[in-house]
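Tertiary structure, described
The primary structure of each chain is shown beneath.
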Amino acid sequence: MPPIPFIPDNAPFTAEQRQWLNGWLAGLFSNAGTAPTPNAPAAPRKPLTILYGSQTGTSEALAKKNAKAAEAKGFAPKLVCMEKFDTVDLTKEERMLVITSTYGDGDPPDNAQPFWSWLVSDAAPRLEKTKFSVLALGDTNYPMFCEFGKKCDARLEALGAKRVHPRVDCDVDYETAANAWSEAALAALAGANGTVTAASAEAATIEAPPITTHDRKHPFAARLAANLKLTRDGSEKEVRHFEIALAGSGTTYEVGDALGVMPTNCPQLVADVLAALGCDGEEAVKTEAGELPLRLALAQHFDIAKPSTDLLKAAAARNPDGELAALLDPARREELKKFLWGREVIDFIAGFSATDLIAVLKKLQPRLYSIASSLAAHPDEVHLTVGSVRYTAHGRARKGVCSTFLADRCAADTALPVWVQPSHGFKLPADASRDIIMVGPGTGIAPFRAFLEEREIAGANGRNWLFFGDQRRALDYLYEDTLEAWRTGGHLARLDLAFSRDQAEKIYVQQRMLESAAELWAWLEGGAHFYVCGDASRMAKDVDAALHKVCETIGGLSADAAAEYVKKLKSEKRYQRDVY
Ligand SMILES: Cc1cc2nc3c(=O)[nH]c(=O)nc-3n(C[C@H](O)[C@H](O)[C@H](O)COP(=O)(O)OP(=O)(O)OC[C@H]3O[C@@H](n4cnc5c(N)ncnc54)[C@H](O)[C@@H]3O)c2cc1C
Ligand SMILES: NC(=O)c1ccc[n+]([C@@H]2O[C@H](COP(=O)([O-])OP(=O)(O)OC[C@H]3O[C@@H](n4cnc5c(N)ncnc54)[C@H](OP(=O)(O)O)[C@@H]3O)[C@@H](O)[C@H]2O)c1
Ligand SMILES: Cc1cc2nc3c(=O)[nH]c(=O)nc-3n(C[C@H](O)[C@H](O)[C@H](O)COP(=O)(O)O)c2cc1C
């Protein structure tokens, strides 16, 4: 089958002619049918809804890709973000693809929460007419792997919708599985002969995917222009400010977006793995990029830090009576998690050959970082605020792959593969007169430095309130000079600081929120937007609880009414989070 679409967008035809020709040619190739005469009435394209939930844009990008594929196959696809689920009448949808990630502990991404609350409520209608298939995105490192996709799949079926193709659960390395699902799910939705091709003048209602020059698959080889330590000597942490030159990339970004960074592994770790295998590194091994010397493959292509489930199983099989084998029992998941904390690939590969190891390694994955700069303030640059992961465990000094690649191994002439991962759920208010409240302890400060730079340059007249915290004021006050200057100059109407270890009792940002609950409530009632960035597992949950408490204590709302109030803030995009 030749590549599709047959007629490129820049061909000298009107959109209508192009659509007709593409439909006709697709029909010709898939059915070996005869060409309709130009006057023949065109059969309508079959509508297809692609519903997506996405936190960091992966599912959204896949949804757009599927819309293109569906259009080429003769559907009339409509892309709908789950937060806008109420713009479609699901009871009338005959064909639906659902693409969603999972966050938290098996929870929906933020923009899918309203959809999920509705879908599980009594208000959810029967969906007898709907044929559907679900693509679930997740990460096998999380115990609740793809849980939200699984829940959507089950709930749609319970509401009477007909699953025409089984759900596919994707790990971080999702491309192959996602492509196969797309082909099969579209074929299943198309019906018996696997095609719905029909020429039609009806415009497909897909949103054009953004044209970006660089993406995850095609990163830009950038240069690191600055690497500065923000924490001071004596701190228990090492947080760095990086400035990356984008000149010549054609890449732009908006504040709130993230930067994808593709690291390479530490050469010392590669050398230690080679020594454990008894290899010199010259042995040829297969990788996605073809056959490579083992040393290069380990440095650039495989995750040699975090042990994969397959690697753990292979290690356990060599020692069936050992502790690891016992802990692989699903009932002992929590104990396994504790056992693995601080252990890496190198701790499990005694007796492995290079071939044994390569067979069970996962692909090295890029990392995302919240962008800490405004392009308006720093043309052709992108800044990051990154905590270097360094710790000693089980007698070995360990390093986070990407944070230490940036901190230690990325020289001014090292190619630094990056791309912008647009965020659609973490944005400044379009109305510059709106107040904003930002809660960003630790590296969570990153996007708020960007927000504040952007609002300063734009002369936005809405007030800015920042809650920042870290361990010690003297050692860990990130961007102190900038924040204090903004406070003094009035750009920060309020700056509330919580240094947790400067006194006997821990003080956290949420405590500062509660201390200023009346003013916080007044800002919210005045239409302020509320943002949270940083640690997902503890801080973001506690800040959320504090927000509910403000609504209850000052707003006089019951717990249920406070939950409704917060839900409304979310649906109005006035409560946005960038948590990890
Ligand atoms: C949307 C998004 C935005 C983000 N923004 C930022 C940002 O602005 N700044 C930032 O710094 N990070 C940010 N992150 C996190 C970032 O992507 C990386 O996860 C982080 O830098 C760690 O990656 P690494 O490769 O250095 O560490 P990895 O090689 O991934 O190692 C981390 C792992 O090491 C282990 N570990 C860590 N500490 C210990 C310890 N003390 N004892 C035992 N084991 C330990 C844990 O298993 C942990 O999962 C963001 C993540 C997302 C998803
Ligand atoms: N899972 C973990 O154990 C762990 C630990 C550190 C970092 N991280 C990860 O590292 C990233 C950010 O780290 P970071 O060093 O920039 O910031 P961080 O660890 O979030 O620390 C910033 C500040 O937040 C405080 N804090 C701790 N628990 C909190 C809570 N429940 N509510 C509010 N504040 C709290 C810290 O205090 P204290 O440190 O004094 O308690 C510190 O003062 C996140 O991805 C986070 O998940 C994870
Ligand atoms: C803070 C955080 C929590 C996550 N929790 C889960 C989880 O519980 N289960 C899971 O399978 N994946 C989890 N993931 C992985 C994401 O679902 C995965 O990276 C997905 O590809 C993201 O897609 P998106 O960009 O469309 O949101 C989590 C990722 C992050 C950053």
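In the block above lies the structure referred to throughout.
In this report, we go over the structure that sits alongside the text. Note that the structure is a prediction, hence the values are computed from the model and not measured. (Residues numbered from 1 in each chain as written. Chains lettered and ligands numbered in written order. Predicted model: local features only at pLDDT ≥ 70, side-chain atom pairs only at ≥ 80, totals over all residues. Heavy atoms only, no water.)

Overview of the overall build of the protein
- The number of helices and strands found in the protein is 19 helices and 21 strands.
- Each of the 580 residues in the protein was classed as buried or not, and the buried ones make up 50%.
- If you sum the accessible surface of the protein, you get close to 26500 Å²; carbon and sulfur atoms cover 53% of it. (Helix = DSSP H or I, 4+ residues; strand = E, 2+ residues; numbered from the N terminus. Buried < 20%, exposed > 50% of the residue type's maximum accessible area, 1.4 Å probe, protein only. Areas by Shrake-Rupley, 256 points an atom, 1.4 Å probe, with all protein chains shown as cover.)

What to know about the environment of Asp356
- With respect to the element layout, Asp356 can be found in helix α11 (residues 354-360).
- Judged by relative accessible area, Asp356 falls into the partly exposed class, the value being 30%.
- The contacts of Asp356, once residues within four sequence positions are left out, are Arg318 and Gly351.
- Here Ser353 takes part through its backbone nitrogen, which lies 3.0 Å from a polar atom of the side chain of Asp356. (Contact = heavy atoms within 4.5 Å. Polar contact = N/O pair within 3.5 Å; in protein donor to acceptor, adjacent residues only side chain to side chain.)

A word on the site of ligand 2
- For ligand 2, the set of nearby residues contains 17 residues, the closest of which are Lys237, Ser500, Arg501, Tyr508 and Asp535.
- Arg501 has a polar side-chain atom sitting 2.7 Å from an oxygen atom of ligand 2.
- Measuring from an oxygen atom of ligand 2, one finds a side-chain N or O atom of Tyr508 at 2.5 Å.
- A breakdown of the residues in the shell around ligand 2 according to their chemical character gives four nonpolar, six polar and seven charged. (Near = heavy atom within 4 Å. Nonpolar A, V, L, I, M, F, W, Y, C, P; charged D, E, K, R; others polar.)

Notes on the packing of aromatic side chains
- Under the definition given, this model contains 17 aromatic pairs.
- Judged by centre distance (6.3 Å) and plane angle (40°), the ring pair of Phe115 and Trp118 falls under tilted. In this pair, Phe115 and Trp118 are both assigned in helix α3 (residues 113-120), three residues apart and thus about one turn of the helix distant.
- We classify Trp118 as partly exposed; its relative accessible area is 21%.
- A ring pair is formed by Trp116 and Phe148, whose centres lie 5.3 Å apart and whose planes are at 90°; its orientation type is edge-to-face. Pair noted here: Trp116 is in helix α3 and Phe148 is in helix α4 (residues 147-158), with a separation of 32 residues, a long-range link.
- Looking at Trp116, the relative accessible area reads 14%, which means it is buried.
- Judged by relative accessible area, which is 0%, Phe148 ranks as buried. (Phe/Tyr/Trp six-rings, centres within 6.5 Å; stacked < 30°, edge-to-face > 60°.)

Topic: the sheet that holds strand β16 (residues 416-421)
- The strand order across the open sheet built from six strands is β12-β9-β16-β7-β8-β13, with neighbouring strands paired in antiparallel fashion. At either margin of the open sheet sits one strand with a lone partner, and together these are β12 (367-370) and β13 (381-387). Strand after strand, the sheet turns through a mean of 40° between neighbouring axes, direction not considered.
- As paired elements, strand β7 (residues 220-229) and β16 share three bridges and run antiparallel to each other. The partner of Ala222 across the bridge, within β16, is Leu416.
- Running over the sheet, helix α12 (residues 401-409) touches β7, β8 (239-245), β9 (258-261), β12, β13 and β16 and is turned about 65° from β12. (Pairing = 2+ DSSP bridges. Axes fitted to C-alpha atoms, helices over the stretch in contact; angles between N-to-C directions.)

Regarding the sheet that holds strand β17 (residues 436-439)
- Taken together, the five strands give an open sheet; going across it, the order is β19-β18-β17-β20-β21, and neighbouring strands pair in parallel fashion. At either margin of the open sheet sits one strand with a lone partner, and together these are β19 (494-499) and β21 (575-579). The mean inter-strand angle of the sheet, taken between neighbouring strand axes irrespective of direction, is 10°.
- Two elements, β17 and strand β20 (residues 529-534), share four bridges in a ladder whose sense is parallel. Looking across to β20, one finds that Ile436 is bridged to His529.
- Together, β17, β18 (464-470), β20 and β21 form the strand contacts of helix α13 (residues 446-458), whose direction differs from that of β17 by roughly 155°.

Regarding the pairing of β20
- With six of six residues buried, β20 lies mostly within the body of the structure.
- Residues His529, Tyr531 and Cys533 point to one face of β20 and Phe530, Val532 and Gly534 to the other, with burial holding for every one of them.
- Relative to β21, β20 runs parallel, the two being bridged by five bridges. Among the inter-strand pairings, Gly534 is bridged to a residue of β21, identified as Val579.

Any functional reading would require information that these geometric values do not contain.
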